Amino acid sequence: MSTLAAVATLRATETGRAERLTTVRHTHLDDRPFVLVPLTLAGEACALLAALGGTDPERPTLLTVRQPRNRAERFRFVERLATLLLPYLDECRTSETETYTVGRGTDREERRRSLRAPQLLVPGGESIAYVRLLGRLTRLRAMEGPYAVDPSVPALGKWLTWFADRAEFPGSCLLQAMTRLLSAH
């Protein structure tokens, strides 16, 4: 704990209200981020009990799993999560774009890029670790054969892995733990 944080804690204890550590928040929050609140089974890797998610704070969607140890039910849960998250990601990719040029001289090429990046908000650092684990578990699943999954499951796994990889970079606002944001502010 830094000296500033210790002083703020002492003042908060004395006054009975939280003390600000900074006056400016250096983290971008999107107007419509996707919020994901996972509830997992203790001691079982990647076994979800439930998740609350969505972009509308008034109408979040609750997804549940009756038997989290059942592998088929877990992947049906991930499929339902994909029906929530993948349309949001497509909306961000196609909402507003701009054209820019790459290269010099005769090798110039025009490309398009999106102006809005997707943002995934989770409760804490453990949820970031869970997003990483869920992405790793689902991104290489077979879509044919005895344990086939819906094509949306590997697509979601690739996106979750992408989010988790970007969360490690300082200043990245793609996957944010709200407890970290609040304690930094």
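Predicted model only: the values in this text are computed from it and were never measured.

Asker: Is there a simple way to think about the packing of aromatic side chains in this case?
Answerer: Both the distance between ring centres and the angle between the ring planes are used here to describe each pair of aromatic rings. Scanning all chains against the criterion turns up 4 aromatic pairs. Taking the centre distance of 6.4 Å and the plane angle of 40° together, the rings of tryptophan 159 and phenylalanine 163 count as tilted. Residue tryptophan 159 and its partner phenylalanine 163 are located together in helix H4 (residues 152-166), separated by 4 residues, close to a single helical turn. Judged by its relative accessible area of 21%, tryptophan 159 is partly exposed. Residue phenylalanine 163 is classed as buried on the basis of its relative accessible area of 0%. An aromatic cluster is present here, built from Trp159, Trp162 and Phe163 joined pairwise through their rings. In this structure, arginine 71 packs its charged tip against the face of tyrosine 147, placed 5.3 Å from the ring centre.

Asker: For this particular structure, what's the right way to read the nonpolar core?
Answerer: What tends to happen in soluble globular proteins is that the nonpolar side chains get buried as a cluster. If you look at the biggest cluster of nonpolar residues, it comprises 31 residues, and the most contacted ones within it are Leu36, Leu85 and Leu120. If you list the elements that add at least two residues to this core, you get strand S1 (34-40), strand S2 (48-54), helix H2 (71-94), strand S6 (120-122), helix H3 (125-138), H4 and strand S7 (175-177). Ranked by the residues each element gives to this core, the list is headed by H2, at 10 residues. Those residues in contact with leucine 36 that lie beyond four places of it in its chain are Ala51, Leu52, Gly53, Leu81, Leu120, Leu121, Val122, Pro123 and Val131.

Cut-offs and rules
- Residues numbered from 1 in each chain as written.
- Predicted model: local features only at pLDDT ≥ 70, side-chain atom pairs only at ≥ 80, totals over all residues.
- Heavy atoms only, no water.
- Phe/Tyr/Trp six-rings, centres within 6.5 Å; stacked < 30°, edge-to-face > 60°.
- Helix = DSSP H or I, 4+ residues; strand = E, 2+ residues; numbered from the N terminus.
- Buried < 20%, exposed > 50% of the residue type's maximum accessible area, 1.4 Å probe, protein only.
- Lys NZ or Arg CZ within 6 Å of the ring centre and 35° of its normal.
- Core = buried A, V, L, I, M, F, W, Y, C linked by side-chain atoms within 4.5 Å.
- Contact = heavy atoms within 4.5 Å.

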